[in-house]
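# Residue-level structural notes
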Amino acid sequence: MNRKPLLILAVALLSVPAILFAVDRDAKNSQTSEKADSGETSVAAGIVTEKPLHKFLPVEDKSNVSLAYIWLDIAQEATARDVELHAARPPIIARTLAVWATAMYDAWAAYDEKAVGSRLGGKLRRPKSEHTLDNKHKAISYASYRSLAFVYPESKDYLASEMKRLGYDPSIESTDPSTPEGIGNLAAQAVIDYRRHDGANQFGDEPGGDGTPYGDYTYYRPVNPPDKILDPDRWQPITFTLPDGKQVTPGFLTPQWYRVKTFALERSDQFRPGPPPLTTTDDELLRQETAQVLAYNNSLTNDQKAIVEFMRDGPRSTGQSGHWLRFAQDVSRRDKHTLDQDVKLYFVIANVAHDAFISCWETKRYYDSSRPWTLVRHYYKGQTIKGWAGVDGGVKEMPAEDWHPYSPESFITPPFPGYTSGHATVSGACSKALELFTGTDRYGFAERRRHCELTEKDAGDYVMLDLPTWSATAEMAALSRAMGGYHIPVDNNVGLKVGREIAVWSWPKYQDYFNGSAKVRP
């Protein structure tokens, strides 16, 4: 197989600017502007920006956002609660959010003149006289509640309380298609039935599994044990030390994900790229890739640390799917979206992310490639190197066997193979989908945060990260994974490329749903 494109991509990353940011350190005013979201000048912690700020958390004033936007906030909160209970599980999160967004879209489609649902097509279509905002609100609320309760059963009480807060009775289970409540419940149930046994193993009942929900049933076994490198080209589990001192060694998270039903893609391997560099095929390139990760690790600036943490999210992270849906919400506020626009936008972004994860996990499972944790120990065995010194900050000399990514001890590196990067693949897909949906690459927001606040003992000063375009934001996400020490550059470059290809290929499929020409997948 021809690896030349991969070599070009890997070398190209070395010429990418080390950071994408905009910081004004001469600003004197430390007052935070209340008008940041309107696009007026914001003065935040001594940093001036003419751009509105990205909202990582729900907006407090919901008077100017759609009910779909509010339901996305609710879905994100239910997802964060799931992370607190079960830890971060990015592919699973992408699926759960796609289930919600699809059920909401399918219910909404019944009150549109042309759009068809993903499971029932146009069978639920109501007469034009019923295409009112109130009916749409009821339908999407019941669809959202039912679908979220399916994927997040432990949050059912929270979800029911949110339904009541919005003025709806969660106990109504009518499936009467002449009512919006019935439309919502029917649409949700059709998606639930389709996804109940879609390969994710949500209930732990797939043959070959051990009964664990979302557990593996494909008999994956790592080649390398945690304490020894038998094959430097293959993935190696890592032992984490939790805050309470307990040590755990996570296995490959959801290695069965290549078997999960895609939404728009035809097959999970449809966009599988060529192989990554290996010690047996491209040893010199792999050495260079590893050296580049080390160079980032021992020279991280404050702004680069902020970028790593921004794209890594925090302890209640809703994964790349949730993060890019937050970016989509920025569009909703910026462009003053209607309910119809938001329902369609979230439907696209959630499902593109879901497909991108399936594609990425198929690649991870197929190549089973190693990460910098293993490669540094392989190439620099017995040597003294310079690296990040740990939670106290700074850098120091250390044995290569002690090298550590810019990450807490409780989550050193994501527990699955490196090639390709999930962050890069999903960011490439979602950023391109946002560009296609909005008709422009322009984003025009900024992220304000304190560097080091998620990784080191002492949080640093505020910095402002510029997010001028969707493509630049995706490139920032991809590059952050090499700067953090989680991936060699080629993992990110190829992932970004594949993600963009997925979105471009899929976009006409979503347009077919909107214009009514889509066919229901069996």
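In short, a report on the structure. (Residues numbered from 1 in each chain as written. Predicted model: local features only at pLDDT ≥ 70, side-chain atom pairs only at ≥ 80, totals over all residues. Heavy atoms only, no water.)

### A look at the overall build of the protein chain
To be explicit about the condition: Labels follow the DSSP assignment, with helices taken as runs of H or I lasting at least four residues and strands as runs of E lasting at least two, numbered in each case from the N terminus. As defined in this context, the radius of gyration uses C-alpha atoms, and a globule is described by 2.2 Å times the residue total to the power 0.38. Relative accessibility under 20% of the residue-type maximum defines a buried residue, over 50% an exposed one, and the middle range a partly exposed one, all with a 1.4 Å probe and only protein chains included. Throughout, a residue-residue contact means that at least one pair of heavy atoms, one from each residue, lies within 4.5 Å. We get accessible surface area from the Shrake-Rupley algorithm with a probe of 1.4 Å; when it comes to residues, only the shown protein chains can shield them.
Tallying secondary structure elements over the protein chain gives 14 helices and 8 strands in all. Here the C-alpha radius of gyration of the protein chain, 23 Å, is about what a compact globule of 522 residues would show, namely 24 Å. Looking at the protein chain as a whole, 58% of its 522 residues are labelled buried. Taking all contacts inside the protein chain whose residues are at least 6 apart in sequence as the whole, residues at least 24 apart take part in 74%. When the accessible area of the protein chain is evaluated, it comes to approximately 20500 Å², of which 50% is carbon and sulfur surface.

### Here we look at the pattern of salt bridges
As a reminder, the rule being used: A side-chain nitrogen of Lys or Arg and a carboxyl oxygen of Asp or Glu constitute a salt bridge if their distance falls within 4 Å.
Evaluated as defined, the whole model comprises 25 salt bridges. In this structure, R195 engages D198 in a salt bridge whose closest nitrogen and oxygen atoms are separated by 3.0 Å. Summarising the burial analysis for this pair, R195 and D198 share the class buried. Close ionic contact of E435 with K432 constitutes a salt bridge, the shortest N to O distance being 3.2 Å. Here E435 and its partner K432 are both found in helix α12 (residues 422-438), 3 residues apart, which amounts to about one turn of the helix. Taking the relative accessible area as the measure of exposure, E435 reaches 23% and is therefore partly exposed.

### What about the nonpolar core?
The line we're drawing: By convention a nonpolar core is built from buried Ala, Val, Leu, Ile, Met, Phe, Trp, Tyr and Cys residues, the set being connected through side-chain atoms within 4.5 Å.
In terms of nonpolar packing, the biggest core is built from 140 residues, with W100, Y105, Y346, V348, I349, L434 and Y510 touching the most fellow members. In terms of residue count, the dominant contributor to this core is helix α10 (residues 339-367) (16 residues). Those residues in contact with Y510 that lie beyond four places of it in its chain are F263, A264, F347, V348, N351, V352 and D355.

### Some remarks on the packing of aromatic side chains
Threshold: Stacked, edge-to-face and tilted are the three classes for Phe, Tyr and Trp ring pairs, Trp counted by its six-membered ring, which pair at centre distances within 6.5 Å; planes under 30 degrees apart are stacked, over 60 edge-to-face, the rest tilted.
All told, the structure shown has 30 aromatic pairs when counted by the stated rule. Consider the rings of F310 and F327, whose centres lie 6.2 Å apart with planes at 75°: the pair is edge-to-face. A residue pair is termed long-range when its members are at least 10 positions apart, and F310 in helix α8 (residues 302-312) and F327 in helix α9 (residues 319-334) qualify at 17 residues. A residue is classified by how much of its surface remains accessible, and F310, at 2% relative accessible area, is buried. A centroid spacing of 4.5 Å and a plane angle of 55° characterise the contact between W361 and F416, whose relative ring orientation is tilted. Of the two residues, W361 is situated in helix α10 and F416 in the loop between β6 (395-399) and α12; the sequence distance between them amounts to 55 residues.

### Considerations on the side chain of T374
Tracing the backbone through its elements, the reader meets T374 in helix α11 (residues 372-379). With a relative accessible area of 1%, T374 lands in the buried category. Not counting chain neighbours up to four residues away, the residues in contact with T374 comprise I229, P232 and Q236.

### Some details on unusual backbone geometry
Backbone torsion omega between Y419 and T420 reads 0°, so that peptide bond is classified as cis. Inspection of the secondary structure puts T420 in the loop between β6 and α12. Positioned with a positive phi, N201 is a non-glycine residue whose angle comes to about 65°. Phi is positive for T254, close to 50°, though the residue is something other than glycine. The topology assignment puts T254 in the loop between β4 (247-248) and α7 (283-297).

### A short note on the packing of α9 against helix α13 (residues 470-483)
Quick note on the threshold: With axes taken as lines fitted to C-alpha atoms, and helix axes fitted only over the stretch in contact, angles between N-to-C directions fall between 0 and 180 degrees. Convention used here: angles under 35 degrees read as roughly parallel, angles over 145 as roughly antiparallel, angles from 65 to 115 as roughly perpendicular, and any remaining angle as oblique. Crossing handedness is defined as follows: a turn of the near helix away from the far one that is anticlockwise and smaller than a right angle gives a left-handed crossing, while the clockwise case is right-handed. Throughout this entry, Asp, Glu, Lys and Arg are counted as charged residues, while Ala, Val, Leu, Ile, Met, Phe, Trp, Tyr, Cys and Pro are counted as nonpolar. The remaining residues, Gly among them, count as polar.
At a minimum axis separation of 13 Å, α9 and α13 run at an interaxial angle of 155°. The angle between the axes of α9 and α13 places the two elements in the roughly antiparallel class. Where α9 crosses over α13, the handedness of that crossing is right-handed. Facing α9, whose interface residues are W324, F327 and V331, α13 presents W470, T473 and A474. Here the contact of α9 with α13 is composed, by residue class, of 5 nonpolar, 1 polar and no charged.

### Structural notes on the state of the cysteines
Heads up, the rule is: Cysteine sulfur atoms are paired as a disulfide whenever they fall within 2.5 Å.
One pass over the full model with this rule turns up 0 disulfides. Cysteine C360 shares no disulfide, and the gap to the nearest cysteine sulfur, in C430, comes to 12 Å. With a relative accessible area of 1%, C360 lands in the buried category.

### Here we look at the pairing of strand β5 (residues 384-388)
Our working definition: Here, a strand pair is defined by DSSP locating no fewer than two bridges between the strands.
As paired elements, β5 and β6 share 5 bridges and run antiparallel to each other. Bridge pairing in β6 places W388 opposite V395. Hairpin remark: β5 followed by β6, antiparallel, with 6 residues in the connecting loop; positive phi at G390, about 115°.

No statement about biological role is implied by the geometric values presented.
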